[in-house]
Amino acid sequence: MSLPKKLFIKTYGCQMNVYDSERMSEALGGEGYVPTDRPEEADMILLNTCHIREKAAEKVYSELGRMRGLKEARPDLKIGVAGCVAQAEGEEIMRRQPLVDLVVGPQSYHRLPQMEARLRAGERALDTDFPEEDKFAHLGKRPKAARGPTAFLTVQEGCDKFCAFCVVPYTRGAEVSRPAARIIAEARELVERGVREITLLGQNVNAYHGHEGGLAGLIGALARIDGLERLRYTTSHPNDMDDALIAAHGEEAKLMPYLHLPVQSGSDRVLKAMNRKHTAEGYLRLIERIRAARPDILLSGDFIVGFPGETEEDFEATMALVRSVRYGQCYSFKYSTRPGTPAAERAQVGEAEKDNRLQRLQALLTQQQRALQDEMVGRDVSVLFERSGREPGQMVGKSDHLHSVHVAGEGIARGDLRRVRITASGTNSLAGTLL
Ligand code: 5AD
Ligand code: SF4
């Protein structure tokens with residue numbers, strides 16, 4: 001038998017790319033590739049890219065620049081670009097970057113084995129179609145090897161919302177839900193391999209419609225799998241939080257009290273210009289209903305500052321919304337012009353103004369995050385342990401609220417779900433003792 005070839009995948013961007021990288025690695029596993037974490041010994045390097053903001057996309061080009069040396073040293077090395085930059089700029093990459101052998105869009109990676117065969121024949125390969133067939137069905141069964149206690153599982157892809165700033169509807173295409181039976185079968189297999197917590201992924205996950213009762217129905221079905229202890233889902237749009245899903249947060253014990261629910265801005269004028277199709281007040285009322293169903297839920301959000309036309313007053317409305325919600329986790333960004341999106345054509349806010357607003361917003365969000373984390377001290381939480389910590393005998397896991405928790409670990413194993421009393425709150429994590 002020939003020596004296995006080595007595959008190095010570098011993943012950028014969202015959790016869906018993390019899931020996609022796993023599936024690409026498995027697909028190429030069938031072609032004799034084994035994963036490596038050392039690019040210099042790889043026979044193939046894949047960059048699984050993100051196009052959401054300009055900075056994310058630029059990283060790909062600088063990484064390709066760095067790879068020139070590797071390819072010169074080993075001309076047989078194959079270099080591929082996958083993910084959303086591949087989808088958006090694949091043809092141009094092929095034209096302008098001779099060192100790239102392969103470009104594969106996020107809807108085509110089930111065709112990687114055939115593409116790899118073309119590379120072996122000395123050709124270059126590009127596929128950025130949106131094929132009719134379900135790529136996950138074509139990828140076939142996943143391997144049976146044991147794995148860590150948490151996993152991502154993509155249930156839905158694409159988006160029909162067309163927020164005026166966002167490339168996702170173009171790079172990932174229209175909203176498609178995977179059939180529930182396949183998702184449930186995949187979840188069962190993951191549990192057999194040691195997974196105890198699954199995060200359901202979708203660009204617009206709560207628009208999922210592949211099961212009766214939508215995402216709530218799917219969560220109910222998955223919760224019946226023995227050995228699966230925790231469920232989460234991300235990312236959601238406020239307008240798709242239906243009654244059943246809100247109720248599930250109160251009724252389904254395995255659904256964790258954490259919700260990522262981006263609002264982007266607190267100004268109705270900006271929300272309208274963003275084509276978000278909801279108001280700040282509507283969002284706040286929704287949060288009230290979710291908190292009525294699950295009072296201890298921890299909320300997380302995304303914000304964009306400096307969207308075209310955003311005034312100081314609009315920005316203050318965002319600050320006011322943040323103060324009234326109290327977020328436990330947040331991601332905030334300066335607006336980044338994306339070619340082909342409606343907002344790209346509009347008059348832009350100056351860079352200095354964007355910087356200034358981002359700093360003020362981040363200061364507020366950090367302060368809130370820290371305050372909510374500090375409030376956990378003295379409480380008892382359950383922790384799913386994932387890895388050993390830096391100090392000898394220490395184990396680290398995640399609480400129900402997704403806080404990292406460090407515990408002195410006599411007798412704790414990876415995958416254990418244990419009750420812990422929180423004793424201290426640090427910069428980015430909590431410490432506790434086993435109960
Ligand atoms: N500029 C800045 N941030 C953006 N996001 C999406 N598109 C842009 C853009 N053009 C942010 C949104 C979204 C998150 C995934 O990325 O906040 O929720
Ligand atoms: Fe982009 Fe999310 Fe808006 Fe869809 S809902 S267009 S993925 S920001």
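Criteria and thresholds
Residues numbered from 1 in each chain as written. Chains lettered and ligands numbered in written order. Predicted model: local features only at pLDDT ≥ 70, side-chain atom pairs only at ≥ 80, totals over all residues. Heavy atoms only, no water. Near = heavy atom within 4 Å. Polar contact = N/O pair within 3.5 Å; in protein donor to acceptor, adjacent residues only side chain to side chain. Areas by Shrake-Rupley, 256 points an atom, 1.4 Å probe, with all protein chains shown as cover. Nonpolar A, V, L, I, M, F, W, Y, C, P; charged D, E, K, R; others polar. Domains from an automatic or database assignment. Contact = heavy atoms within 4.5 Å. Buried area = accessible area lost by both parts, 1.4 Å probe. Salt bridge = Lys/Arg side-chain N within 4 Å of Asp/Glu carboxyl O. Pairing = 2+ DSSP bridges. Helix = DSSP H or I, 4+ residues; strand = E, 2+ residues; numbered from the N terminus. Axes fitted to C-alpha atoms, helices over the stretch in contact; angles between N-to-C directions.

1. A closer look at the site of ligand 1
- Lining the immediate environment of ligand 1, one finds I52, R53, F165, Q264, D302, I304, F333, K334, Y335, S336 and R338.
- R53 has a polar side-chain atom sitting 2.8 Å from an oxygen atom of ligand 1.
- Contact distances for ligand 1 include 2.6 Å between an oxygen atom and a side-chain N or O atom of D302.
- Against a free-state accessible area of 400 Å², the protein chains account for coverage of 87% of ligand 1.
- In terms of residue class, the shell around ligand 1 is built from five nonpolar, two polar and four charged.

2. Looking at the domain arrangement of the protein chain
- Under the domain assignment, the protein chain is made up of domain 1 (5–127), domain 2 (141–256), domain 3 (264–375) and domain 4 (380–434).
- Domain 2 and domain 4 are separated by 26 Å when their C-alpha centres are compared.
- Between domain 2 and domain 4, the residue contacts involve nine residues of the former and 13 residues of the latter.
- Counting each side, the surface lost to burial between domain 2 and domain 4 is near 790 Å², with a carbon and sulfur contribution of 58%.
- Its salt-bridge partner being R230, residue D400 comes within 2.9 Å of it at the nearest N-O pair.
- The interface formed by domain 2 and domain 4 includes six residue pairs in polar contact (both at pLDDT 80 or more).

3. Topic: the site of ligand 2
- Every residue lining ligand 2 is accounted for by C159, K161, F162, C163, F165, C166, V168, P169, H237 and R276.
- A class-by-class count of the residues in the shell around ligand 2 yields seven nonpolar, one polar and two charged.

4. Let's talk about the sheet that holds strand 18 (residues 417–425)
- Strand order in the closed barrel formed by five strands is 15-16-17-19-18, and the pairing between neighbours is mixed. Each strand axis lies, on average, 50 degrees off the axis of its neighbour in the sheet, ignoring direction.
- Across five bridges, strand 16 (residues 394–399) lies against strand 17 (residues 404–408) in antiparallel orientation. In the sheet register, Q394 faces strand 17, and the bridge partner there is A408.

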